[in-house]
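# Understanding the architecture of this molecule
Here is what each chain is made of, one letter per residue.
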Amino acid sequence: MRTLSSELKAAVGKEVTVKGWLHKKRALGGLTFINIRDRKGLVQILIENKDEVEKLRGLQIGTVLEVKGTVIDEDRAPGGAELHEPELTILVSVKDEPPIEIDKPLSHKSDNLDTLFEYRAIGLRNLQEQTVFKVQAKVLESLRAYLIENDFTEMNTPKLLAEATEGGAEVFKLDYFGKTATLAQSAQFYKQMMVGVFERVFETNPTYRAEPSATTRHMSEYITIDVEMGFVTFEELLAFTSGLVNRVVEQVWDSYGDDLKKWNAQKPVLTPDFPRMSMAEVHELYGKAHNVDMSDEGDLTPDEEKWICQYAKKQLGSEAVFITDWSSTDKTFKFYHRKSAKNPTLADRSDLLFRGIEIATVPMRENNYDVLVQQMKDAGLDPAHEGFKYYLQAFKYGLPEHGGFGMGLERLTEKLIGLDNVKEATLFPRDINRLTP
RNA sequence: GGGCUCGUAGUGAAGUUGGCCCAUCACGCCUCCCUGUCACGGAGGAGAUCGCCGGUUCGAAUCCGGUCGGGCCCGCCA
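The structure reproduced in this document is the subject of the present report. (Residues numbered from 1 in each chain as written. Chains lettered and ligands numbered in written order. Predicted model: local features only at pLDDT ≥ 70, side-chain atom pairs only at ≥ 80, totals over all residues. Heavy atoms only, no water.)

## Remarks on helix 9 (residues 369-378)
The cut-off we apply is this: Using a 1.4 Å probe on the protein chains alone, a residue whose accessible area is under 20% of its type maximum counts as buried, one over 50% counts as exposed, and one in between counts as partly exposed. The way it works is that DSSP assigns letters per residue, a run of H or I at least four long becomes a helix, a run of E at least two long becomes a strand, and they are numbered from the N terminus. The reported arc concerns the directions from the helix axis to the C-beta atoms and nothing else. The contact criterion used throughout is that any non-hydrogen atoms of two residues lie within 4.5 Å. In protein, a polar contact means a hydrogen-donor-capable atom and an acceptor-capable atom, both N or O and within 3.5 Å, with residues adjacent in sequence counting only if both atoms are side-chain atoms; elsewhere, any N or O pair within 3.5 Å suffices.
Leu 372, Val 373, Gln 375 and Met 376 are the residues of helix 9 that are buried. Looking straight down helix 9, one finds its buried side chains confined to an arc of 160°; they lie on one side. When the buried face of helix 9 is taken as reference, the exposed residues oriented beyond 90 degrees from it are Asp 370 and Asp 378. Structurally, helix 9 contributes buried residues whose contacts are with helix 10 (386-396). Its side-chain oxygen at 2.9 Å from the backbone nitrogen of Asp 370, Asn 368 defines the N-terminal cap of helix 9.

## Remarks on the protein's contact with RNA strand B
Put simply, the rule reads: Whether a residue is near a molecule or strand depends on its heavy atoms: if one lies within 4 Å, it is near. Residues are grouped as follows: Ala, Val, Leu, Ile, Met, Phe, Trp, Tyr, Cys and Pro are nonpolar; Asp, Glu, Lys and Arg are charged; all remaining types, including Gly, are polar.
Around RNA strand B sit 51 residues, and of these Arg 26, Ala 27, Glu 101, His 218 and Glu 358 come closest. In RNA strand B, atoms within 4 Å of the protein come from the sugar-phosphate backbone in 62% of cases. Between RNA strand B and Arg 57, the relevant distance is 2.7 Å, taken from a phosphate oxygen to a side-chain nitrogen or oxygen of the residue. Interatomic distance of 2.5 Å between a side-chain N/O atom of Lys 109 and a phosphate oxygen of RNA strand B. Of all the secondary structure elements, the ones that give two or more residues to the surface near RNA strand B are strand 1 (15-27), strand 3 (41-47), strand 5 (81-92), helix 2 (113-118) and strand 17 (357-365). Residue contributions to the surface near RNA strand B peak at 3 residues, all from strand 1. Across the surface near RNA strand B, the residue classes break down as 15 nonpolar, 16 polar and 20 charged.

## Structural notes on the environment of Lys 423
Among the secondary structure elements, Lys 423 is positioned in the segment after helix 11 (409-417). Residue classification places Lys 423 among the buried positions, given a relative accessible area of 10%. Sequence separation between Lys 423 and Ala 181 is 242 residues; the distance between their C-alpha atoms is 27 Å. For Lys 423, the contacting residues outside a window of four places in its chain are Phe 117, Arg 120, Thr 215, His 218, Met 219, Pro 429 and Asp 431. Within the structure, Lys 423 has its side chain in polar contact with the backbone oxygen of Thr 215 (distance 3.2 Å).

## Remarks on the pairing of strand 3
Successive side chains on a regular strand alternate, one facing one side of the sheet and the next facing the other. For clarity, the threshold we go by: Here, any two strands with at least 2 DSSP bridges between them count as paired.
Of all the 7 residues making up strand 3, 6 are buried; the element is thus mostly covered by neighbouring parts of the structure. Here strand 2 (residues 32-38) runs beside strand 3; their pairing, made up of 7 bridges, is antiparallel. Each residue of the ladder has a partner; that of Asn 35, found in strand 3, is Gln 44. Linking strand 2 to strand 3, which pair antiparallel, is a turn of 2 residues.

## Observations regarding the pattern of salt bridges
Where side chains of opposite charge bring their charged atoms close, a pairing between them can arise. Threshold: For salt bridges, the criterion is a side-chain nitrogen of Lys or Arg within 4 Å of an Asp or Glu carboxyl oxygen.
As enumerated under the stated definition, the model contains 27 salt bridges in all. In this structure, the salt-bridge partner of Glu 154 is Arg 144, at a minimum N-O distance of 2.8 Å. Linking Glu 154 in strand 6 (residues 153-154) with Arg 144 in helix 4 (residues 127-149), this pair joins segments that are 10 residues apart in sequence. Given a relative accessible area of 26%, Arg 144 falls into the partly exposed group. For the salt bridge of Glu 401 with Arg 338, the shortest nitrogen-to-oxygen distance reads 2.7 Å. With Glu 401 in the loop between helix 10 and strand 18 (402-408) and Arg 338 in the loop between strand 14 (326-327) and strand 15 (346-347), this pair connects stretches of sequence that are 63 residues apart.

Given below as structure tokens:
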């Protein structure tokens, strides 16, 4: 029977067997301490027998071990217990030393990220590094729970598509049995179609963009938390999204608050329902503060996103803020967005900014078939095109008022922890320069 | 796509107004000492043709040209 590091304290006095990786060795002469890493953490083992210490000669960190020993209650040991009089069995001997540290903080300087990714499989054995992805898994777990509690059906839609028709981003093209296929730039069409079936749907799957971007916030493959809900008003949608982010933050800090201290991560200050600021308001405030005229800008500049988040934190008491009142007459308007009933030159759209970056677009969709077809035509698209045919079916045969969002999982993880680059929050990042490991 | 910037042992850094440098420091590694470490401590040691190619020079990690590979910002985009 294998005992895990987390179960050690409860097994005081017993003889147990632990299995894991040699994580650290400290030889003090007659005393040698080693740490064994397993999926729950570390076990400290005190070795006094010289023959047992000799078994490790020539073996490096990463060696897979089985250790039988007696659990001793010991205040001086991490976790309050350790193994004594151990008998070591080498399961996998490792003679090559790891290329990067696994027991010291790794450099996350932008110049060194390449090294981090080059040795990703080893570097992540570092307990501090693991935290990033434990947090990310918790983000997914908690938002999934929140969505399921709210009657959402989880689904998976195809990522291999016949053609790019959504517009906007560049897409990847690949050979598909002689035809040209594209990789999905979003689940947009499918999640809307499924509103007509399940009312509330979500998925957390990869999204592909072929944009030649080289920034700290873009990748060519990333996970989108795609959520779509029917019979919802714009206000209800924004409130629901606020609730989801709040829930994620609470659960992440409940589970990993201690580990996050090592990253100097501060728990986000949030209001239950995030504040809203209009695009015009942001341009004006930023313009005044920087003595520039932003009124002609349709979108937010990266610097505005950073600035307005600091403003919202100080003035509105929230590190998350919705930017509303987007134009419906410039390129930021997509044909599937809904124009505002009160003012048709604006769209019922909002971007969710968090800690200086856009983490989600949260718009209402045009659900009237005739209006949607007209907006397609206005955008220079052909509603009769095969790429739109199946999408439009859903509307023709009845789709209620609906809206949703696409939230970037890695960006959310990055900002929760306070990392500087979205790639640090990605297990194996894909960007314009990197396709491996 | 545009601008800027970086490349020195396995890792992270110093040196970059040419010569004190066949290259310095820390971590890691090897040998030895050390009975409570937990970023253990101490002594010693190995490990780098300074990304690559060419040029200038008596002399190049350092200057110049080219080239390869990163990074940051902007644009695109989410």
